[in-house]
Amino acid sequence: MAAMAAGDATALSVFYDRHSPLVYATCVRVLNDRATADELLVDVFHEFWTRAQQYDATRANPVTFLLTLTRSRAIDRRRSMGKRSNLRLASEDAASDKADPRPTAADAAVTNENAAIVRKALETLEPDQRQAIECAFYDGLSHTEIADLLHKPLGTIKTYIRQGLIRLRGCLRNDTEDDRSTDRPS
């Protein structure tokens, strides 16, 4: 990040090569349109490059910063496109939302491992919690919009999301701690 903030284009190139498959997959998942996802991928990395000096390491790691930016811009783009009619409920077509660009074997392994960890954590949720969280994250819906879509009271949706996020955080922390303990020599 420091190198990018200093204007090092090589640092951006390395960062792009490493993380563009994940950014692209997020764009496709939120937008459900590969052509628009292609355009947004370029826009996100351009904005990331121009905002590199604003990055604060105490607030998030670079990938979290990048994915937060990606998700936000993808939701903005989808809203501006007015494609509310394409909304899908959680987990439909999940297998078909893979990125086209071929990452390196190492990138693919890391991405697949992280995706597997998140999928495993999502599987621990109650179906209503998972559906509400996926609508909020992938579709960018507000709590009110999710309540309308799922025909549930607003308070119920807020409870599903809060309890689901708490459970996800616990699952993801446990997986991270398990990984660290297996990495230690005996």
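The rules behind the values
Residue numbers here run from 1 along each chain, matching the order of that chain's written sequence. In view of the model being predicted, local features appear only for residues whose pLDDT reaches at least 70, and side-chain atom pairs are presented and counted only at 80 or more, with totals across whole chains, interfaces and linings using the full set of residues. Hydrogens are left out, water is left out, and the side-chain values use all remaining heavy atoms of the structure. Definition of nonpolar core: a set of buried residues of the types Ala, Val, Leu, Ile, Met, Phe, Trp, Tyr and Cys, connected through side-chain atoms within 4.5 Å. Partly exposed residues are those whose accessible area sits between 20% and 50% of the maximum for their type, while under 20% is buried and over 50% is exposed, using a 1.4 Å probe and protein chains only. A helix here means a DSSP run of H or I that spans at least four residues, while a strand means a run of E at least two residues long, and both kinds are numbered starting from the N terminus. In this description, contact between two residues means that some pair of their heavy atoms is separated by no more than 4.5 Å. One fewer than the residue count of a helix, multiplied by 1.5 Å, yields its expected span. This arc corresponds to the set of directions leading from the helix axis out to the C-beta atoms. Throughout this description, a polar contact denotes any pair of N or O atoms lying within 3.5 Å of each other; where both atoms belong to protein, one of them has to be capable of donating a hydrogen while the other can accept it, and for residues adjacent in sequence the pair is counted only when both atoms sit in side chains. Criterion for a salt bridge: a side-chain nitrogen of Lys or Arg within 4 Å of a carboxyl oxygen of Asp or Glu.

Novice: Summarise the nonpolar core; cite the residues concerned and give the values.
Specialist: Soluble globular proteins tend to bury their nonpolar side chains together. Ranked by size, the top nonpolar core spans 22 residues in total, and within it Val23, Phe45, Phe48 and Leu66 carry the most contacts. Ranked by residue count, the leading element in this core is helix H2 (residues 9–31), at eight residues. Those residues in contact with Phe45, other than ones at most four positions away along the chain, are Leu12, Phe15, Tyr16, His19, Ser20, Val23 and Leu66. The next biggest cluster of nonpolar side chains, apart from the first, holds 16 residues, and it includes Ala121, Ala132, Ala147 and Tyr160.

Novice: Can you explain the environment of Glu134? Please cite residues and give values.
Specialist: Structurally, Glu134 can be placed in helix H6 (residues 127–137). As for Glu134 and Leu122, which are separated by 12 residues in sequence, their C-alpha atoms are 9.4 Å apart.

Novice: Please provide a residue-by-residue account of helix H3 (residues 34–50), values included.
Specialist: Compared with the 24 Å implied by 1.5 Å per residue over 17 residues, the 24 Å span of H3 between its first and last C-alpha is a close match. The complete set of buried residues in H3 reads Thr36, Ala37, Leu40, Leu41, Val44, Phe45, Glu47 and Phe48. For H3, the angular spread of the buried residues around the axis is 160°, confining them to a single face. The outward face of H3, more than 90 degrees from its buried face, is lined by the exposed residues Val42 and His46. Looking at the buried residues of H3, the elements they touch are helix H1 (2–5), H2 and helix H4 (62–81). You can read the cap of H3 off the contacts: a side-chain oxygen lies 3.1 Å from the backbone nitrogen of Ala35, and it is on Asp33.

Novice: Provide a residue-level description of the environment of Ala6, including the pertinent values.
Specialist: Its place among the elements puts Ala6 in the loop between H1 and H2. Sequence-wise, Ala6 and Gln53 are 47 residues apart; in three dimensions their C-alpha atoms are separated by 7.7 Å.

Novice: Describe unusual backbone geometry, naming the residues involved and giving the relevant values.
Specialist: The phi dihedral of Asn32 falls on the positive side, at around 55°, and the residue is not glycine. Tracing the backbone shows Asn32 in the loop between H2 and H3. Using a relative accessible area of 38% as the deciding quantity, one classes Asn32 as partly exposed. Residue His151 is not a glycine yet carries a positive backbone phi of 55°. Looking at the secondary structure, you find His151 in the loop between helix H7 (143–150) and helix H8 (154–183).

Novice: Hey, could you go over the pattern of salt bridges for me, with residue numbers and the actual values?
Specialist: Two side chains of opposite charge can pair, provided their charged atoms sit close to one another. Across all of its chains, the model carries six salt bridges by this definition. Here Arg77 ties to Asp43 by a salt bridge, and the two come within 2.6 Å at their closest N and O atoms. With a gap of 34 residues between them, Arg77 in helix H4 and Asp43 in helix H3 connect regions that are remote in the sequence. Judged by its relative accessible area of 22%, Arg77 is partly exposed. One salt bridge in this structure joins Asp76 and Arg73, with 4.0 Å as the shortest N-O distance. In this pair, Asp76 and Arg73 both sit in helix H4, three residues apart, roughly one turn of the helix. Note on Asp76: relative accessible area 41%, which makes it partly exposed.

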